[in-house]
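Notes for the structure review
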Amino acid sequence: MARDYAARCPVSPVRNTWLVAAAILLAAQGIGAQKVRVDEELEAYPTESVKLTCEFIDGGGLTKLTQVSWIWEPIDGQRDNIAVYHPIYGHSFPNPSFKDRVVFLHDSLQNPSIRISNLKMSDAGRYTCEYATYPSGNEQGTTTLIMLAKPRNSANAVTVQAGTKSVVVAQCEAAEGKPAATIKWLASVGGNHSTSTTNGPDGTVTVRSEYRLVPTPADNDREVTCMVDQRTLGQPWVKTFKLSVEYPPSVSIEGYDNNWYVGRSDAVLVCLATGNPKPTTFTWTAASGALPDTVEVNGEKLTVKKVDDAVNTTFICEVKNKHGASRHQITTIVIEALEDPSSAGVVAGAVIGSLLALLLVVALIAVLLTRSRRQQRRGYPSSGDSIATGSGGSNGGDYGNKARLLFSGTSNSSSKNGTGANNNGPIYTYREGCDATGTLTEKANDYHHHHLHHPSIGNPPSAHDILLSGDVDEAERRKFDLDDSMEEEYDRFGGGNMLPPAYHVHRGHGGEEEMDVYLDDDMESQRDGSVISRTAIYV
């Protein structure tokens, strides 16, 4: 079928010629591009240096290299040689702008790389490494150098006065950057912004942005933020600052509590003022004329040392700044003192004194009750608890830990008359305990038993009769165990009419329920024949 198509559509000789020429041209360009190797694009910053590499590749070794040149093209249509190398004639730097800033890194036609130092923004452009060869002619490769510049960023507030027109209150700038920067605003106040750019002679761009609003006193110290973004910055540049809106001062007075009574001391009024700039001048006056003598002024503070009728007036405070003045007034009313301030102290002192006295009385009563209870626990009687030891006996006294025998006796005359003490009552003995406490034990009087056996006796026997008579049984006598000396003493003192001052009673030798009894020298005979103790015995 191909033959049929060729037979029906023969190829023109002219057309064949054009096809062959196009193929040869493409082959030649491909071969040329492969022979000179360079970097396609480089970036650099001012004051830095850059290396431009160039290498000739000849696979067959058939091309003869004659010379190599570096050509700078800052703009389209302008070509300037900046460096030339010839293996015989050496180096050449024909462009004065690059003199002393360009050097060949190798003295070789195969690798004629150069270095450009102390770069400028104006060095940006296309750099072509071009070979002169034989027999193919010129071979070249081109590198584009892009000069970058980090912008100088700044942002600040513009001091303005509060008003009714929209004005610039903040500015932000990214100066001499390449490529051009972008600016954004972040603000909590209502407003808008505008941006402008300016191209520099060296290819840099300066970007400016202004923030506008109608300023009010409330906008003072409000925060706004400028954010700059550009290719050379690793992250956006951010700055936050406060607006500065100036306005006249506003004034208020504090400290009056509606309780200025006659005699009150150190009553204070404070003049509070706000404004931008901050007010520094405070002037106090009184509507009634000059300030009273009891008033002291210290800047924004007015102090009344002692309140009297002279400060029953209106006080005025006036403040100023560069944008104007403002004043405020307050009327103070002096009232009569409701009470003498010193009386409160007197009343408080009286109350405290009464409380202390009451506490002292309560403490004294508690001490007395405590002592009384302790005496009762130790065997001492409380009021009204004493026991009579015989007719004419006395109450009270310390009886210690010894055992005492209480007797009740009568004289002969009283016995005959039947008016003597009752000798039929119990005999009490006090026994010393092991725990330093004593017990008073009742010993039943054996008078009834003795009287039944001796009915001839008309009068009831006394305690001495029962104790010293021989009619007591052996058990009773063992408990008392009186010795001969006691009997002699008994005879010496009248055989029963009187008792001796002291009985020495021996310890008994009996068994259980035996008592240790003695009559101390505090026993005293009475005229009626009874014996009592000088020391009262209590239970």
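Read on for a plain summary of the structure. (Residues numbered from 1 in each chain as written. Predicted model: local features only at pLDDT ≥ 70, side-chain atom pairs only at ≥ 80, totals over all residues. Heavy atoms only, no water.)

**Digging into the pairing of strand β14 (residues 167–177)**
Across six bridges, strand β12 (residues 152–157) lies against β14 in antiparallel orientation. By the bridge assignment for β14, Asn156 is matched with Gln171. Where β14 and strand β17 (residues 205–213) come together, eight bridges link them in antiparallel fashion. Across the sheet, the residue bridging to Val167 is Leu213, located in β17. (Pairing = 2+ DSSP bridges. Helix = DSSP H or I, 4+ residues; strand = E, 2+ residues; numbered from the N terminus.)

**Overview of the sheet that holds strand β26 (residues 314–321)**
Reading across from one edge, β23-β26-β27 is the order of the three strands in this open sheet, with antiparallel pairing throughout. Two strands bound the open sheet, and with one partner strand each, they are β23 (281–286) and β27 (324–331). In this sheet, neighbouring strand axes are inclined to one another by 20° on average, regardless of whether the strands run parallel or antiparallel. (Axes fitted to C-alpha atoms, helices over the stretch in contact; angles between N-to-C directions.)

**Quick word on the state of the cysteines**
Tallying each qualifying case throughout the model produces three disulfides. One disulfide bridge connects Cys172 with Cys226, the sulfur atoms lying 1.6 Å from each other. Linking Cys172 and Cys226, the disulfide has an S-S dihedral of approximately -70° and is accordingly described as left-handed. Taken together, the positions of Cys172 in strand β14 and Cys226 in strand β18 (residues 223–229) put the pair 54 residues apart, joining distant regions of the chain. The exposure class assigned to Cys172 is buried, which follows from its relative accessible area of 2%. Here Cys226 falls in the buried class, since its relative accessible area comes to 0%. Between Cys271 and Cys317 runs a disulfide, and the two sulfur atoms are separated by 2.0 Å. Taking the torsion about the sulfur-sulfur bond, which here is approximately -95°, the covalent link between Cys271 and Cys317 counts as left-handed. Taken together, the positions of Cys271 in strand β22 (residues 265–276) and Cys317 in strand β26 put the pair 46 residues apart, joining distant regions of the chain. Taking relative accessible area as the criterion, Cys317 reaches 0% and is therefore assigned buried. When the cysteines of the protein chain that form disulfides are numbered from the N-terminus onward, they connect as 1-2, 3-4, 5-6. (Disulfide = S-S within 2.5 Å. Buried < 20%, exposed > 50% of the residue type's maximum accessible area, 1.4 Å probe, protein only.)

**A short note on the sheet that holds strand β19 (residues 237–242)**
On the basis of which strands lie adjacent, the open sheet formed by three strands has the order β15-β18-β19 and antiparallel pairing. Whereas interior strands pair on both sides, the edge strands pair on one side only; in this sheet they are β15 (182–187) and β19. On average, adjacent strands in this sheet sit at an angle of 20° to one another, irrespective of strand direction.

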